[in-house]
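What follows is each chain in one-letter form.
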Amino acid sequence: MKRGYRHIKTRLAVIGAGIAGFAASIFALEKAIPVVQLGHTGAIAYTTGYLDLFGVSEAGIIDDPWAGLEQLRRTEPEHPLSRLANEDILTAFEIFTTVLSKMGIGYTVPGSENLHGLLPAGLIKPTLSVPATMLSGIKAMRRNEKTLIIDFEGLAGFSALEFKANFAGKWDQISTHKMSFPGLPSGQAYAETMARAIEVADTRQQLAEKIIQAVNGEKYVGLPAMLGMHEPDEVHADLERLTGLEIFEIPTIPPAVPGIRLREMFERVLPARGLVLEPQLKVKHVDFADQKVHLFLSGPLEDLEVEAETVILATGRFLSGGLNAGRNGLDENLLDLHVSQPPTRNDWYRLDYMDRRGHAINRAGIETDIDMRPLDVNGRPYSDRLFAAGAILAHQDWVRQRCGAGLAIATAYQAVEAAGRFLHG
Amino acid sequence: MTVAVTDFRELARDLLPQGASYEACIACGLCASGCPASGLFGMDPRRFIRMAALGLNEELSSTPWIWTCTQCKRCMYVCPMGIDASVLVGAARATWPMDKKPSGIVRSCQAQMRDDSTSAMGLRTEDFLEIIEETAEEIRDDDSRFAKLQIPIDKKNAQFIINQNSREPAVEPEELGPLWKIFDYVGADWTYSSKGWAAENFCMFTGDDDVWKSMVETRVDAINELKAKTWINTECGHSFYTMWKGIEKFGLEADFEAGNLISYYAQWIRQGKLPVNSDWNRDNLKFTVQDPCQLIRKSSGDPVADDLRFVAKILVGEDNFIDMQPCRSANYCCGGGGGFLQAGMTSERRAYGKRKYDQIITTKADYVLTPCHNCHSQMEDIGKFYGGDYKVVHFWTLICLSLGILGPNERKYLGPDLAGTGDE
Ligand SMILES: Cc1cc2nc3c(=O)[nH]c(=O)nc-3n(C[C@H](O)[C@H](O)[C@H](O)COP(=O)(O)OP(=O)(O)OC[C@H]3O[C@@H](n4cnc5c(N)ncnc54)[C@H](O)[C@@H]3O)c2cc1C
Ligand code: SF4
Ligand code: SF4
């Protein structure tokens, strides 16, 4: 059958649909740069919703991430966050969280200190900005407030009893309650199903009544993250209104609502703000001929060619398919860019898997110049039109350093700034 | 029930695109959490995929869950690894003996194989042609604006060849009229074929590739013979997918391109050929739209979802349009697809449809617009079952309503609120 062909011209193409990719599109739209974004879902679906900047160094948990970054510049000058100024990182964070809040998921204003985000296993995550629906839990814990933690029958991976046990000593005034979620059949339940169901006013009312019956003098109530998928702030406010209680969400393990919420919001709102988004397809091939970059994708019924003046590569690491671990080492999947990596496979991991210093493979990735342009093996930019951002970058270990979103947001900002300078020549 | 046991891991190697594998599954459960069939018969896509990776072939070959999966591919859409459960489900369906498969799907497919009409409702071509002529005659008599209305059959070199869902000619011929009037209004160069004219294909859903192929072949041959430029289905989802996918999968020679009505409606509106507006919606009735999986996620993606919204907003008024969430490529299947409506598993189908019902109710819409017959029937059924008071309507009805050319007998899907509207 004759396949269709679609040709799109743009000034900037963003490859990747993780936090780095969406942040890049947001920054480009803020600067009125026409942008096309391409990519299937990836690691974004797994985030807790917390936006970490820099939470853990070799010395331990960091309370002041800005001072921590100053220190990082001395100990790890090659770290992508070391090469950006604190003011620029803060600006990036502020724009990103402001836009997120305007788009429909309220986020706290990034401050001078890390917040202590709650985790289901009773741990605390040092993070810079949290969804508004999760904020009062942090407050309740800090003040050791009398709090009721609720879990739901059939929902795996979130136990109120476990939460209470893990916080013992730090937060004593916790009581727990298990309930069924109104209207769900028995058996395995998912937070996503609940989040959608609670958007129906009747269901919300029924849940509110069950919560009111369950409380016994507590002013705070913690629930697994399920307060709505596309209007969480409204659902949260309405449930507080219906119950007269301060309610907060605790992120759950995947499959969790916060990541799905972010991804769905980006897909829903950004196209209405001017982004051309292709949310299903991966870029198959990129061609840097003449004065343009050509990106090739193929959909079920048509081939798509994007002709861009600049490109930001934000394809993530192994899980999302930016990098590939092969027999002979690590490769970059799309352009075969030079990958900074340990000399041999034997050097990928230290002997002790739990070694506090981490493993060399987790610092592998693409090296760039200060303008975020990927460098070849000789340290020269691959192209003046190509920039990189996010987890694909070398010399960082975002999992260990708790800097996932921060790295993505800050480097995306830098990449868009650089692409903007190139475009405006 | 005992059925022949298949080695699904082996099968997956042949079915999946190069580089993809079910072993890449990290068991995160995003697929299961986003699948409305999860929990039915104690199964969900994660479990199904893990079982395939572990070689639990006997269980996979016998679970009736495969008939509740609508093959909507939402699991693949949300999976970071891009793993598609529906391919395995299709393979599992193929392993069931014919007499154990849901008889409704099997019967629909058998009806299609009876003659070259390819109609799943068993409507023979001579009857189809007669019904068309009678219905056209009524329109010519009733509405002087369409006194010259002609329904072209087997016209060569037409721009559009239309495959017609059998439901209209078989059970509600008055619903044929609106689309003909639209074609007439824009001066479309179109034709039906007298061979392979139907627009439904349940053979794919039986899991039997040979009959699926033969269905598609009949239609492709007919279209090639008439040398039509663009093949279009009436407002319909699954048959669109089964046709182009069949052409691709079986390597058939097809000398035409695939089009869809919604994008042509959008194009004709943009060109001023269909001067529709929302003036008729004086009561500001609220509308939402259902993106058929087969048309959007599985075929044409968000560009056509955008066309759907463009047409809907112009027709009902921007402020009267509310999207379901999630929507577009991320939309939930309603539960009418994959042969589920025909499979006779009513309680499971309605349990599946509960998410769709919740989505619709949250919009507070009075009407759901959808260009797909299965979506249409399923959303009507779950609406009645769960107590919603919305109605489900085709695009063609509203287009003709807005143009003032909707006949009095073409309003069966409109409520009393619109019974007399636009009927000058
Ligand atoms: C389990 C888990 C929990 C996390 N929790 C947190 C947290 O609590 N706080 C926090 O700050 N961060 C967290 N993160 C980190 C965060 O989600 C991101 O991983 C990180 O910010 C890096 O984002 P990225 O956009 O660079 O890469 P990714 O998120 O990996 O995105 C890469 C994208 O590129 C796409 N892609 C790859 N190849 C192509 C191609 N050829 N064409 C088009 N697209 C392509 C992928 O499909 C994917 O969408 C978590 C991550 C995981 C995995
Ligand atoms: S979403 Fe993908 S990786 Fe996750 S469990 Fe399902 S198939 Fe496996
Ligand atoms: S194809 Fe649809 S119904 Fe089937 S497993 Fe995937 S999401 Fe569920």
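Note that the coordinates shown come from a computational prediction; the quantities given were computed from them, not determined experimentally.

1. Here we look at a negative patch on the surface
All names here are of chain B.
Moving on, step 1. Residues Glu130, Glu134, Glu138, Asp141 and Asp142 make up a contiguous surface patch of negative charge.
Moving on, step 2. Its place among the elements puts Asp141 in helix α8 (residues 125-142).
Moving on, step 3. You can call Asp141 exposed: its relative accessible area is 58%.

2. Side note on the sheet that holds strand β5 (residues 287-289) of chain B
Residues and elements named next belong to chain B.
Moving on, step 1. The three strands lie next to each other as β5-β6-β7, forming an open sheet whose pairing is parallel. Both edges of this open sheet fall to β5 and β7 (391-393), since each of them pairs with a single strand only. Along the sheet, successive strands turn relative to each other by an average axial angle of 30°, direction set aside.
Moving on, step 2. Here β5 runs beside strand β6 (residues 367-369); their pairing, made up of three bridges, is parallel. The residue bridging Thr288 from the neighbouring strand is Val368, located in β6.

3. Looking at the state of the cysteines
Moving on, step 1. Taken as a whole and assessed by the stated rule, the structure comprises one disulfide over all chains.
Moving on, step 2. Summary of cysteine pairing: Cys333(B) is not part of a disulfide, and the nearest cysteine sulfur, belonging to Cys293(B), is at 4.1 Å.

4. Remarks on a nonpolar patch on the surface
Moving on, step 1. Residues Tyr349(A), Tyr353(A) and Met354(A) make up a contiguous nonpolar surface patch of roughly 420 Å² in combined accessible area.
Moving on, step 2. Position of Tyr349(A) among the secondary structure elements: in the loop between β17 (339-340) and β18 (365-366).

5. Notes on the packing of aromatic side chains
Moving on, step 1. Enumeration according to the criterion identifies 30 aromatic pairs over all chains in this entry.
Moving on, step 2. Consider the rings of Phe96(A) and Phe266(A), whose centres lie 6.4 Å apart with planes at 45°: the pair is tilted. Separated by 170 residues along the polypeptide, Phe96(A) in helix α3 (residues 86-103) and Phe266(A) in helix α9 (residues 257-269) bring together distant segments of the chain.
Moving on, step 3. Judged by centre distance (4.9 Å) and plane angle (80°), the rings of Phe385(B) and Tyr386(B) are edge-to-face.
Moving on, step 4. When its relative accessible area of 26% is taken as the criterion, Tyr386(B) is described as partly exposed.
Moving on, step 5. Cluster of aromatic residues (ring-pair linked, three or more members): Phe128(B), Phe160(B), Phe183(B), Trp190(B), Tyr192(B), Trp197(B), Tyr264(B) and Trp268(B).
Moving on, step 6. The cationic tip of Lys354(B) hangs over the ring face of Tyr386(B); the distance from NZ or CZ to the ring centre is 5.8 Å.

6. Considering helix α13 (residues 238-249) of chain B
Residue and element names in this part refer to chain B.
Moving on, step 1. For α13, spanning 12 residues, the distance from its first C-alpha to its last is 16 Å, which sits close to the expected 16 Å at 1.5 Å a residue.
Moving on, step 2. Within α13, nine of the 12 residues are buried, leaving the element largely enclosed by the surrounding structure.
Moving on, step 3. If you check which residues of α13 are buried, you get His238, Ser239, Phe240, Tyr241, Thr242, Met243, Trp244, Gly246 and Ile247.
Moving on, step 4. The first or second residue beyond α13 is Gly251, which carries a positive phi of 60°.

7. A short note on the domain arrangement of chain B
Residues and elements named next belong to chain B.
Moving on, step 1. Along its sequence, chain B is organised into domain 1 (8-100), domain 2 (106-259) and domain 3 (275-410).
Moving on, step 2. A C-alpha centroid distance of 22 Å is found between domain 2 and domain 3.
Moving on, step 3. Across the boundary between the two partners, domain 2 contributes 25 residues, which contact 29 residues of domain 3.
Moving on, step 4. Contact between domain 2 and domain 3 buries roughly 2,400 Å² in total, counting both sides, with carbon and sulfur atoms accounting for 57%.
Moving on, step 5. Taken as a group, Arg167, Tyr185 and Glu235 account for 26% of the area that domain 2 buries against domain 3, more than any other trio of residues on that side.
Moving on, step 6. Where domain 2 packs against domain 3, one counts one salt bridge.

What counts as what
Residues numbered from 1 in each chain as written. Chains lettered and ligands numbered in written order. Predicted model: local features only at pLDDT ≥ 70, side-chain atom pairs only at ≥ 80, totals over all residues. Heavy atoms only, no water. Patch = residues over 30% accessible without salt bridge, like charges linked within 9 Å, V, L, I, M, F, W, Y side chains within 5 Å. Areas by Shrake-Rupley, 256 points an atom, 1.4 Å probe, with all protein chains shown as cover. Salt bridge = Lys/Arg side-chain N within 4 Å of Asp/Glu carboxyl O. Lys, Arg positive; Asp, Glu negative; His and termini not counted. Charge placed at Lys NZ, Arg CZ, Asp CG, Glu CD. Helix = DSSP H or I, 4+ residues; strand = E, 2+ residues; numbered from the N terminus. Buried < 20%, exposed > 50% of the residue type's maximum accessible area, 1.4 Å probe, protein only. Pairing = 2+ DSSP bridges. Axes fitted to C-alpha atoms, helices over the stretch in contact; angles between N-to-C directions. Disulfide = S-S within 2.5 Å. Phe/Tyr/Trp six-rings, centres within 6.5 Å; stacked < 30°, edge-to-face > 60°. Lys NZ or Arg CZ within 6 Å of the ring centre and 35° of its normal. Expected span 1.5 Å × (residues − 1). Domains from an automatic or database assignment. Contact = heavy atoms within 4.5 Å. Buried area = accessible area lost by both parts, 1.4 Å probe.

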